[in-house]
Amino acid sequence: LLNEVELALIYHTVFNRLQLTGFELRVNHRKILAALAEVCGGVDKMTDITIAIDKLDKIGLEKVKDELIQRGLTNEQVNTIEKYLSVTGSNEEILTGLESLIGKTETGKKGVEELQFLTAQLSTHNVDLIIDPTLARGLNYYTGTIFEAKAPASVKIGSIGGGGRYDDLTGLFGVPNIPGVGISFGVDRIYDVMEELRLFPA
């Protein structure tokens, strides 16, 4: 997990050097999403759940609930997902809320512990990390931490970077058991943000 800490510090360093004050570094964990699916009685529904959750910002809660029903989830399962999506507050409050909802599963417990470690490590470096349970990034190869860097709120552009842990991505190409974790920078978007905020020197 020290790799995740280091990658978060890279984001922090780069965006501060570019003077992008007000950027947000959001994080979630694939195991937390997997545990949510488990608690909803269907690990096989994980993809359906994450695809729907990922649209929350764009379409709102009611439409997400409709989509989950259309994807074959029961009202009871949708209610559990709604409880999950209403977990808010400080990082500590979010972790406590997640623990009470999914901490009984082995997967959920592990996901919460890893996020606790990450936030504790980064707070010693004065890095503000926002735990965001709605961050689902519709890519199924993530196995651990999921990162998303967002532009300052004054610029309506959204994500300017993202990444995460994918412990068996190489397995898709016939080379199993090589863990990996990485992040990327959305260079075009960062350029646009800096242009709009007039951050380039003359």
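A short tour of the structure in this document, coming up. For every chain, the first residue of the written sequence is number 1, and numbering continues from 1 along that sequence. Only residues with pLDDT of at least 70 are given local features in this predicted model, and only at 80 or more are side-chain atom pairs given and counted; all residues enter the totals for whole chains, interfaces and linings. Calculated side-chain values reflect all of the structure's heavy atoms, with hydrogen atoms and water omitted.

## Let's talk about the overall build of the chain
Put simply, the test is: Secondary structure counts use DSSP, requiring at least four H or I residues in a row for a helix and at least two E residues in a row for a strand, with both numbered from the N terminus. Our radius of gyration is a C-alpha quantity, and the globule rule it is checked against amounts to 2.2 Å times the number of residues to the power 0.38. Using a 1.4 Å probe on the protein chains alone, a residue whose accessible area is under 20% of its type maximum counts as buried, one over 50% counts as exposed, and one in between counts as partly exposed. Whether two residues are in contact is decided by their heavy atoms, any of which lying within 4.5 Å being enough. Under the convention used here, a 1.4 Å probe and the Shrake-Rupley method define accessible areas, while residue burial counts only the protein chains that appear. His is not counted here, nor are the chain ends, while Lys and Arg score as positive and Asp and Glu score as negative. A single reference atom marks each charge: NZ on Lys, CZ on Arg, CG on Asp, CD on Glu.
Counting secondary structure elements, the chain contains nine helices and five strands. Computed over C-alpha atoms, the radius of gyration of the chain comes to 17 Å, within 12% of the 17 Å expected from 2.2 N^0.38 for 202 residues, which places it in the range of a compact globule. Dimensions along the principal axes, computed over C-alpha positions, put the chain at roughly 60 × 40 × 35 Å. Per-residue burial over the chain gives 44% buried out of 202 residues. Long-range contacts, defined as pairs at least 24 residues apart, comprise 64% of the intrachain contacts of the chain with a sequence gap of at least 6. Only carbon and sulfur atoms are counted for the fraction: they give 52% of the accessible area of the chain, which is about 10700 Å². Taking the average place of the 20 positive charges on the side chains of the chain and the average place of its 28 negative ones, the gap between the two points comes to 2 Å.

## Some words on the packing of aromatic side chains
Applicable threshold: To pair, rings of Phe, Tyr and Trp, with the six-membered ring standing in for Trp, must have centres within 6.5 Å; the planes then decide the type, stacked if under 30 degrees apart, edge-to-face if over 60, and tilted in the middle.
Using the criterion set out here, one finds six aromatic pairs in the structure. With centroids separated by 5.0 Å and ring planes inclined at 65°, the aromatic side chains of Tyr-11 and Phe-185 adopt a geometry described as edge-to-face. Taken together, the residues Tyr-11 in helix H1 (residues 2-17) and Phe-185 in strand E5 (residues 181-185) connect sequence positions 174 residues apart. Aromatic side chains Phe-15 and Phe-23 sit 4.9 Å apart centroid to centroid with 50° between the ring planes, which places their arrangement in the tilted category. Of the two residues, Phe-15 and Phe-23, neither departs from the other in class, the shared state being buried.

## Examining helix H6 (residues 75-85)
This is how it is decided: The arc under discussion is defined with respect to the helix axis, by the directions toward the C-beta atoms.
Residues of H6 that are buried: Gln-77, Val-78, Thr-80, Ile-81, Tyr-84 and Leu-85. Within H6, the buried residues cover an arc of 155° as seen down the axis, which keeps them to one side. Of the residues in H6, the exposed ones pointing more than 90 degrees away from the buried face are Asn-75, Glu-76 and Lys-83. If you follow the buried residues of H6, they end up packed against strand E1 (24-29), helix H2 (30-39), helix H3 (46-53), helix H4 (56-59), helix H5 (61-70) and helix H7 (91-102).

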